Amino acid sequence: MQTLNKQTYPAGRRFDHLPEKIVQFGEGNFLRGFLDWMIQRMNEQELFLGRVVAIQPTPHGKVVPKLLAQDGLYTVALRGFANGEQVDRTEVVAAISRGINPYADWLEVLRLAENRQIEFVFSNTTEAGLSYFQEEYAANRAPLSFPGKLTAFLFHRFQATAGDPTAGLKIFPCELLENNGDLLKAIVMQLAKDWRLPDAFTEWLQSHNRFFNTLVDRIVIGYPKENSEEYEQRLGYRDELLTVGEPYHFFAIEGDETTAAALPFRQAGLNVFWGDVKPFRELKVRILNGAHTMMFAVAYLSGVDTVLQAMEDQQLRRFIQRGMEQEILPYIALEQAVKTNFARSVEERFLNPFNRHQLLDLALNAVTKYKLRVLPSLLDAVKTGTLPAVLCFSLAGLMLFYRGIQRDGQQLVGMREQQPYSIRDQEEVLQFFQNVWSACQGEKEQVQQLVRAVLGNESFWGENLLQIAGLEEKVGQYLRQMLHDGMRAALTRLLEGDGA
Ligand SMILES: NC(=O)c1ccc[n+]([C@@H]2O[C@H](COP(=O)([O-])OP(=O)(O)OC[C@H]3O[C@@H](n4cnc5c(N)ncnc54)[C@H](O)[C@@H]3O)[C@@H](O)[C@H]2O)c1
Ligand SMILES: O=P(O)(O)OC[C@@H](O)[C@@H](O)[C@H](O)[C@H](O)CO
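Nothing here was measured: the structure is a model prediction, and the numbers come from that model.

Participant: I tried to follow the environment of V76 on my own but got confused; where do I start?
Facilitator: With respect to the helices, strands and loops of the structure, V76 is situated in strand β3 (residues 74-82). Remark: the alpha-carbon pair of V76 and R89, spanning 13 residues in sequence, is separated by 8.2 Å. For V76, the residues in contact, after removing those within four places along its chain, are G33, W37, E91, V93, T243 and G245.

Participant: Explanation requested: the nonpolar core in the structure shown.
Facilitator: In summary, soluble globular proteins display a tendency toward joint burial of nonpolar side chains. A396 and M399 are the most contacted members of the largest nonpolar core, which totals 147 residues. Per-element accounting of this core gives the leading share, 14 residues, to helix α11 (residues 278-301). Residues from two domains meet in this core; each of domain 1 (10-250) and domain 2 (278-495) gives at least three. Dropping the residues within four chain positions of it, A396 is found in contact with V475, Y478, L479 and M482.

Participant: Quick question: what am I supposed to make of the packing of helix α16 (residues 366-383) against helix α17 (residues 389-401) here?
Facilitator: When two helices pack together, their arrangement is given by the angle between the helix axes and the distance between those axes. Here α16 crosses α17 at 165°, and the two axes come no closer than 11 Å. Classified by the angle between their axes, α16 and α17 sit roughly antiparallel to one another. Seen from above, α16 lies across α17 with left-handed handedness. Within the contact between the two elements, α16 uses A366, Y370, V374, S377 and L378 and α17 uses L391, S394, L395 and L398. Of the residues that constitute the contact of α16 with α17, the class distribution is 7 nonpolar, 2 polar and no charged.

Participant: Honestly, the site of ligand 1 in this entry has me stumped. Any pointers?
Facilitator: With respect to spatial proximity, 22 residues lie near ligand 1, and among them G28, F30, T125, T126 and G129 are the closest. At 4 residues, helix α5 (residues 126-129) tops the list of elements feeding residues into the shell around ligand 1. Its residues assigned to classes, the shell around ligand 1 comprises 8 nonpolar, 10 polar and 4 charged.

Participant: I would appreciate a short explanation of the UniProt feature "domain: Mannitol dehydrogenase N-terminal" (unreviewed entry) in the chain in the present structure.
Facilitator: Following the UniProt record, one finds the feature "domain: Mannitol dehydrogenase N-terminal" (unreviewed entry) at residues 20-262. When the span residues 20-262 is considered, its composition is 37% helix and 24% strand, and the gap between its end C-alpha atoms is 15 Å.

Participant: Help me understand the site of ligand 2, please; the structure alone is not making it clear to me.
Facilitator: As a structural note, the neighbourhood of ligand 2 is formed by T126, D217, R218, I219, L288, N289, H292, L362 and L364. For the shell around ligand 2, the element with the highest residue contribution is α11, accounting for 3 residues. Built from parts of two domains, the shell around ligand 2 gets at least three residues from each of domain 1 (10-250) and domain 2 (278-495).

Participant: Please clarify how the UniProt feature "domain: Mannitol dehydrogenase C-terminal" (unreviewed entry) in the chain should be interpreted in this entry.
Facilitator: The positions that UniProt labels "domain: Mannitol dehydrogenase C-terminal" (unreviewed entry) are, in the present scheme, residues 276-482. For residues 276-482, helix accounts for 65% and strand for 8%, while the C-alpha atoms at its two ends are 42 Å apart.

Participant: Please explain helix α9 (residues 228-235) as it appears in this structure.
Facilitator: Counting along an α-helix, one turn takes 3.6 residues, and residues three or four places apart therefore face a common direction. With 0 of its 8 residues buried, α9 lies for the most part at the surface. Once α9 finishes, G236 follows within two positions and takes phi at roughly 85°, a positive value.

Participant: Teacher, can you tell me more about the sheet that holds strand β15 (residues 411-416) here?
Facilitator: Within a sheet, neighbouring strands are paired by backbone hydrogen bonds and run either parallel or antiparallel to one another. The strand order across the open sheet built from 3 strands is β14-β15-β16, with neighbouring strands paired in antiparallel fashion. Of all the strands in the sheet, just β14 (404-408) and β16 (419-423) have a single pairing partner and so form its edges. Here the strands of the sheet are splayed against their neighbours by 35° on average, with no regard to which way each runs. Across 4 bridges, β14 lies against β15 in antiparallel orientation. Paired with G404 across the bridge in β15 is G414.

Participant: Mind showing me how you'd approach the sheet that holds strand β12 (residues 250-253) here?
Facilitator: Read across the sheet, 3 strands follow the order β9-β12-β13 without closing on themselves; strand pairing throughout is mixed. Single-partner strands in this sheet number two, and they are β9 (214-217) and β13 (272-274). On average, adjacent strands in this sheet sit at an angle of 10° to one another, irrespective of strand direction. Strand direction decides the pairing type here: β12 and β13, joined by 3 bridges, are parallel. From the neighbouring strand, F251 faces β13, where its bridge partner is V272.

Participant: What's the story with helix α13 (residues 314-328) in this structure? I'm lost.
Facilitator: For α13, with 15 residues, the first-to-last C-alpha span of 20 Å sits near the 21 Å given by 1.5 Å per residue. By the burial criterion, the buried members of α13 are L316, F319, I320, G323, M324, E327 and I328. If you follow the buried residues of α13, they end up packed against α11, α12 (307-312), α14 (336-350), α16, α17 and α22 (487-495).

Participant: Looking at this model, I keep getting lost on the pairing of β9. Mind explaining?
Facilitator: Along any regular strand, the residues point their side chains to alternate faces of the sheet. Side-chain alternation along β9 places T214 and V216 on one buried face and L215 and D217 on a second face that is also buried. Bridge analysis of β9 against β12 gives 4 bridges, and the strand direction is antiparallel. Bridge assignment links L215 to a residue of β12, and that residue is A252.

Participant: I would appreciate a short explanation of the domain arrangement of the chain in the present structure.
Facilitator: In many reports, interface size means the accessible area that the parts give up when they come together. On domain assignment, one finds that the chain holds domain 1 (10-250) and domain 2 (278-495). Just the C-alpha atoms count here: the centres of domain 1 and domain 2 sit 30 Å apart. Contact with domain 1, which involves 15 residues of that partner, is made by 15 residues of domain 2. At the level of secondary structure, the elements contributing two or more residues to the side of domain 1 that touches domain 2 comprise β3, α5 and β9. The greatest single-element share of the side of domain 1 that touches domain 2, amounting to 3 residues, is contributed by α5. Tallied by class, the residues present in the side of domain 1 that touches domain 2 amount to 7 nonpolar, 2 polar and 6 charged.

Participant: Explanation requested: the confidence of the model for the chain in the structure shown.
Facilitator: Low pLDDT marks regions whose predicted coordinates should not be analysed in detail. Predicted confidence across the chain gives a mean pLDDT of 96, with 99% of residues reaching 70 or more. With a pTM of 0.94, the predicted complex shows an ipTM of 0.97.

Participant: What is the right way to read unusual backbone geometry from this model?
Facilitator: For residues besides glycine, phi is generally negative; the peptide bonds are generally trans as well. Of note in the backbone geometry, L49 takes a positive phi value of approximately 60° without being a glycine. Look at L49 and you get partly exposed, because 14 C-beta atoms sit within 10 Å.

Calculation rules
Residues numbered from 1 in each chain as written. Chains lettered and ligands numbered in written order. Predicted model: local features only at pLDDT ≥ 70, side-chain atom pairs only at ≥ 80, totals over all residues. Helix = DSSP H or I, 4+ residues; strand = E, 2+ residues; numbered from the N terminus. Contact = placed C-beta atoms within 7 Å. Core = buried A, V, L, I, M, F, W, Y, C linked by C-beta atoms within 7 Å. Buried ≥ 20, exposed ≤ 12 C-beta atoms within 10 Å, placed from the backbone. Domains from an automatic or database assignment. Axes fitted to C-alpha atoms, helices over the stretch in contact; angles between N-to-C directions. Parallel < 35°, antiparallel > 145°, perpendicular 65-115°, else oblique. Left-handed = near helix turned anticlockwise from the far one by under 90°. Nonpolar A, V, L, I, M, F, W, Y, C, P; charged D, E, K, R; others polar. Near = placed C-beta within 6 Å. UniProt positions renumbered as here; feature names shortened; annotations may be inferred. Pairing = 2+ DSSP bridges. Expected span 1.5 Å × (residues − 1). pLDDT = per-residue confidence, 0-100.

Written out as structure tokens, the structure is:
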């Protein structure tokens, strides 16, 4: 079968003449299935007329070579329900002009920084990527972190344009972090200081570049490993970057009218909101992402593989619904109807029969995700004098999920029913769990010690969770039940009110 590229899909050449206007840090599934798809939508309607250059954020990325092999083309398959109607659409996206591996070709990135047609920067490098990392600056080599690369990119632009105010960029980080624009700006400013870059640069940065807070929403599952052949038959070509997602999409940007006019998403019929992001963020991150993180370990260790299977399993569905309705929703400061409607729509989205959203994909960097997406609800409940059972149970499940039996390169390997699975997280997190589990054979005191070590690890949670009265005992009890009786039996006890 032929591969998708401009030879096999000449229509992709239609956009070749468009200038590169966007630099995108990240080339992952989400940006391809969300932002780049939106740019394609705008280009098709001749509203934006610009293309995207995707920069690989980490040294071992596998996407850029595929992008180059396919001339930047890839397919987005959107399947599910929208306004009660079934949607099942595939579209070839030609919004990405090329990908650059900055570790191999930093000079090309710097050349791009000199290009005056570049107006926007978008990023999505996961929450782990949008963080401060102390590193050295060298003009001829790519910094390791994403903020480092952005700072070096901006500094080169400043130099190349002699600090021209009109060369400033509009920067939209899409990582799911609160005030992501403000955060990125603060990190860039810190790096400029660390690197002793001239004051004139920081002034230019402050006055002529803008960082916007955003919130993104679309479930993008990425490449359909399980049924890729089915897709190939349907498409008539092979596409290694095929990106599957749901039709629903929502993008909130804390920007003004002028910026909205420069990015005419709304005119292209896209569901984009310009204004205060905060209420959407809390609703979405706590309910949708929170439910994902709350369910992944418990559901996976109960023997199911996808979100849909978890939702179709009576017991797991009760667990998810109870967590959402009784332990997450009450602590979101919005009108009841708004919260319930959103939670209901999230359940429907989880039930999308076409989205085989793998629980193991949700598990990536789950410790940080628990901290950012679930822990705030747990802490709110604690403030009202309750220890929320489902959220505590899910924390115990997370600890069990991280029980690795061996290392396999960058991953830790766990076992489910004699089958190995990958535990993917930052090296220090994997190392930590490997150590604590190696000292635990399941004896009551050993389990309690492990729970103490995890809850007391401030670098995971940003605070010492041992200070929460009763948490250690409750999580310890759940973890022991999981270890001794199995996840299903522990879940039954929890749901029957006989847990801890
Ligand atoms: N997939 C979705 O449904 C979805 C929806 C909304 C938001 N998101 C957000 O998008 C992020 C990426 O999701 P995805 O589905 O595209 O995953 P992906 O694995 O396809 O892409 C991850 C991207 O992040 C980069 N990355 C990973 N770790 C990094 C690090 N430590 N430093 C710098 N870059 C790093 C990778 O190189 C890659 O570009 C998620 O963390 C999430 O916050 C995803
Ligand atoms: O993409 P992650 O791995 O950060 O989180 C997993 C999911 O919760 C997430 O991708 C959601 O599906 C998405 O945020 C929906 O908009």
